[in-house]
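# Architecture at a glance
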6 protein chains.
Amino acid sequence: MASRLCLFGLLMLSVSLVLASDQSPLQDFCVADTKGQVSLNGFTCKDPKLAEANDFFFSGLHPAGNTSNAVGSRVTPVTATQLPGLNTLGISIVRIDYAAGGINPPHTHPRATEILTVIDGSLEKNVAYGNTIAIAALSSQNPGVITIANAVFGSKPDIAGDILVKAFQLDKNVVTYLQSKF
Amino acid sequence: MASRLCLFGLLMLSVSLVLASDQSPLQDFCVADTKGQVSLNGFTCKDPKLAEANDFFFSGLHPAGNTSNAVGSRVTPVTATQLPGLNTLGISIVRIDYAAGGINPPHTHPRATEILTVIDGSLEKNVAYGNTIAIAALSSQNPGVITIANAVFGSKPDIAGDILVKAFQLDKNVVTYLQSKF
Amino acid sequence: MASRLCLFGLLMLSVSLVLASDQSPLQDFCVADTKGQVSLNGFTCKDPKLAEANDFFFSGLHPAGNTSNAVGSRVTPVTATQLPGLNTLGISIVRIDYAAGGINPPHTHPRATEILTVIDGSLEKNVAYGNTIAIAALSSQNPGVITIANAVFGSKPDIAGDILVKAFQLDKNVVTYLQSKF
Amino acid sequence: MASRLCLFGLLMLSVSLVLASDQSPLQDFCVADTKGQVSLNGFTCKDPKLAEANDFFFSGLHPAGNTSNAVGSRVTPVTATQLPGLNTLGISIVRIDYAAGGINPPHTHPRATEILTVIDGSLEKNVAYGNTIAIAALSSQNPGVITIANAVFGSKPDIAGDILVKAFQLDKNVVTYLQSKF
Amino acid sequence: MASRLCLFGLLMLSVSLVLASDQSPLQDFCVADTKGQVSLNGFTCKDPKLAEANDFFFSGLHPAGNTSNAVGSRVTPVTATQLPGLNTLGISIVRIDYAAGGINPPHTHPRATEILTVIDGSLEKNVAYGNTIAIAALSSQNPGVITIANAVFGSKPDIAGDILVKAFQLDKNVVTYLQSKF
Amino acid sequence: MASRLCLFGLLMLSVSLVLASDQSPLQDFCVADTKGQVSLNGFTCKDPKLAEANDFFFSGLHPAGNTSNAVGSRVTPVTATQLPGLNTLGISIVRIDYAAGGINPPHTHPRATEILTVIDGSLEKNVAYGNTIAIAALSSQNPGVITIANAVFGSKPDIAGDILVKAFQLDKNVVTYLQSKF
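Residues numbered from 1 in each chain as written. Chains lettered and ligands numbered in written order. Predicted model: local features only at pLDDT ≥ 70, side-chain atom pairs only at ≥ 80, totals over all residues. Heavy atoms only, no water.

## Observations regarding helix α3 (residues 161-168) of chain B
Operational definition: Each residue's exposure class comes from its accessible area (1.4 Å probe, protein chains only) as a fraction of the maximum for that residue type: buried when under 20%, exposed when over 50%, partly exposed otherwise. Strands here mean DSSP runs of E at least two residues long; helices mean DSSP runs of H or I at least four residues long; both are numbered from the N terminus. Here the arc refers to the set of directions running from the helix axis out to each C-beta atom. Should any heavy atoms of two residues lie within 4.5 Å, those residues are considered in contact.
Restricting attention to buried positions, one finds in α3(B) the residues Gly161(B), Ile163(B), Leu164(B), Ala167(B) and Phe168(B). Axial view of α3(B): buried residues confined to an arc of 155°, hence all on one face. Where α3(B) is buried, its residues touch α2 (148-153) and α4 (172-181) of chain B together with β7 (127-128), α2 (148-153) and α4 (172-181) of chain F. Gln169(B) occupies a position one or two residues after α3(B) and carries a positive phi of about 55°.

Listed below in structure tokens is the structure:
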């Protein structure tokens, strides 16, 4: 998995064969028009006549993510925003890099199930032993993510401190401190 | 991706956090009872009280698949059959090994979209330059696969030769030859 | 909403008229067999010939819930477990009682959207001014609930303290204290 | 349930926590743009940057509905049309007021299951004993309603009288009379 | 469409090719076990090893239906009950025979959309000019049917006469008469 | 099925009764605006005020399809493109004409299950004995079709000949010949 590995990208087989039979699509493909002017549930499609091979290919997954942060990990997403051909297809992936001792903090994906494959290094109860790389697949082209600590202590507008004091049975000062951090 | 990479497996975070919000599940988990006596659409669940961490972990992905075959590739699946915790969750993965020049022959997945990530080596138009490893994710716990050549020339009971002669505009002898191969 | 209100229950109109057109059902009704021996994704149905009016009626919603607890609120659910006729129908409700100052702590429903109607009293940013009653409807017959504080600090087996220290940027002692509380 | 009850409205908890995991949404929220120019299956979304707290709050449920009509009941809906934040979320509610002896005439909802909670007064076989209030929840943000009598005798263009004579085995004069009423 | 037409049946192409990509199936097929002992949402499957060609073929559609009844029409269904191979596949058909002047009385299908093709004869506003045959397709293997007149005036237990008097603005005697007919 | 059969078309009963309860619709109807300027997953709707009876009726099914081609069959589709009222409703039909000995070549529908009814003539293992007519229903308003031989040997851009040689175990010359034909 070292940098000499020449290709770390996404390839999709010819569309008419691979895209068969997802639940959501109503047509063969609907490449996301990420700058469309009409806002709807999901992305509008770019003009099908303008769809091209690159809409189904993403080449930015081989560099390691920067893990110099408080949790020692970095997620590099490949969803319909980064890979427009995924639009309507109900699947996406992310690369996760962990530094030694790094974690991916508790979170939920409101629109997807996740399956995680370690491809280099090792995780034990989700703590990395050394530098570790994983590929996680998610069952939505836009899985979303709610990082618990951020959602609870860093939401904007914030959740009233009194609620957090009760919900987490924390001292008011600790809540104020946490709200200042997130 | 060399053999010194110590762990090549599947880890799922704690269930209550990761499993959030798939379309299909009607309960927190439904570990496949792959030997259940009642046959239904999908797997029945094993008794929830007997579910255990190993139902959500699969460790057999690190050995290379055997590519000594006519197409020079090998698919190692991790679906609900191999990883019972995937049942009802709408996601699975496969490892694909390619020998140099190997291909994964044209196929469709009747119940899933596929996204493919090359993690070692290189593919060009789906032909491997050298030994190549990919992880493909699919949007179903039981995606199914229809390998075109097998389905057309190797189905049992077979498709009448006259149909194939017309459909593929092949000589009758070529059809008979192909049916003998698949 | 005082106790003189004689009926606080659930009535469903005649089934063939009201149950029309949910996404999930494959038959007119499937009354949950909450003690069935086959475990599957959702409940099996009781023998349709044994279905009766009471399977579609629940009368236990008029007593106030006991709010003498740390968060000052109580949820009384009416899901397919309590009202078997809801099985497969994609809807349920809960009654929520709040004492003055009570809260319903931050949570998610992994399989449902929630809409909340205050029917007596008043909520401001989810804190009750006085005794308050609400009816919340959820878009699943088994919405599930993940109370964040419990899931994070009270999961069994527990989440390693080091992970929580990093994720919440809390002192180790605070984490240990919280884990002892939940 | 008297008018001294100060708040009879809809409150939704903070969006990122409550909206988790409905089947339909492809994004965190999609506030209905009820005046959008593009007509599609459902509502388009208003510009997400313009979404505001009020899009998720409805305060018009506390006044009693006017039941001075032929059936002695009144339905006050809270669907995506009235509460734009419900768009894509698969849930809605209605308030139903009944005068003594009032009924909610036989109807179906083509896109929803309904669950009904009596919160003041009493229903017996769907006839109100006295003034009665119910909250009904429906599993769609746009459940639709087909009131049988209207659909049969009041549709525009009308259903040919001969069909109704046969279908309902009514005298032609009765059919003509009924068509004049609805 | 005369009786000399030798074959009036249902043929399904080889399963692996035709069944591709419905929303519901979780496996290649699930032939309904219409006599299974476990009752669930839909049918259980018969043992897959016992599935046979006849499970996917129905030959009883060529005889004309008996239209000697009050409405002058007859529906012959081909749903998962009659053709077990349809189970989980989200499609079914019916043959409808009309005598001259016959109608198919107003009805709804709670779980399906219907599309109707006249293959012999002629309909005008759903009244047959002469003997007429139609094939209707429905988007469920178990579409259900609610014939309005039966559901309203013939339900068991019956809908209270007072409700019908109000809902349909009919004289009490007419309601009693209608209830005796259905 | 002779030409004297005066009407071979599509009739849909009054919309509010027939359209009940498909999975996909979010409103009573959404007539496809097949020339809309916004491209999305499916068709946008035409202005509901401009919907008319003809949007739900198609009259072009009575002429026989031209079967003078290599496979001896012709498919005449009635999907949302030809019958805009089908949009969002999850159903469509096709008429298939076969000359004697004609076949409908192996294909898949990526978004639909198919059920086929022979209404004149006879099929044996999908080969027509004489002139034969069938109506096939499909569980999508836009089922799509992938004719295997075309997709494999006639795709644009083409699949590299080497891949086809391996996948089908054909001589390179045969592959080149086939690619020139499709």
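## Side note on the packing of aromatic side chains
Convention followed: Only the six-membered ring of Trp is used, alongside the rings of Phe and Tyr, when aromatic pairs are assigned; centres must lie within 6.5 Å, and planes under 30 degrees apart are stacked while those over 60 apart are edge-to-face, with the rest tilted.
Summed over all chains, the structure comprises 24 aromatic pairs over all chains. Arranged with centres 5.4 Å apart and planes meeting at 45°, the rings of Phe153(A) and Phe168(A) form a pair that is tilted. Taken together, the residues Phe153(A) in helix α2 (residues 148-153) and Phe168(A) in helix α3 (residues 161-168) connect sequence positions 15 residues apart. For Phe153(A), a relative accessible area of 2% puts it in the buried group. Overall, the relative accessible area of 0% leaves Phe168(A) in the buried class. Taken together, the aromatic side chains of Phe153(A), Phe168(A), Phe182(A), Phe153(C), Phe168(C) and Phe182(C) make up a single cluster linked through ring pairs.

## A look at the pairing of strand β8 (residues 132-138) of chain B
Residue and element names in this part refer to chain B. Convention followed: For two strands to count as paired, DSSP must find a minimum of two bridges between them.
The element β8 is largely enclosed, with a buried count of seven among its seven residues. Burial along β8 is two-sided: Thr132, Ala134, Ala136 and Leu138 and Ile133, Ile135 and Ala137, pointing in opposite directions, are all buried. Sheet topology places strand β3 (residues 92-98) next to β8; seven bridges connect them, and they run antiparallel. Its bridge partner being in β8, Tyr98 is matched across the sheet by Thr132.

## Notes on unusual backbone geometry
With an omega dihedral of -5°, the bond running from Lys156(B) to Pro157(B) counts as a cis peptide bond. The topology assignment puts Pro157(B) in the loop between α2 and α3. Notably, Lys125(A) is not glycine yet its phi reads approximately 50°, a positive angle. The residue Lys125(A) is located in the loop between β6 (123-124) and β7 (127-128) in this model. Judged by its relative accessible area of 48%, Lys125(A) falls in the partly exposed class. For Asn126(B), which is not a glycine, the phi torsion comes out positive at approximately 75°. Residue position: Asn126(B) is located in the loop between β6 (123-124) and β7 (127-128).

As far as function goes, none of this settles anything; it's purely spatial.
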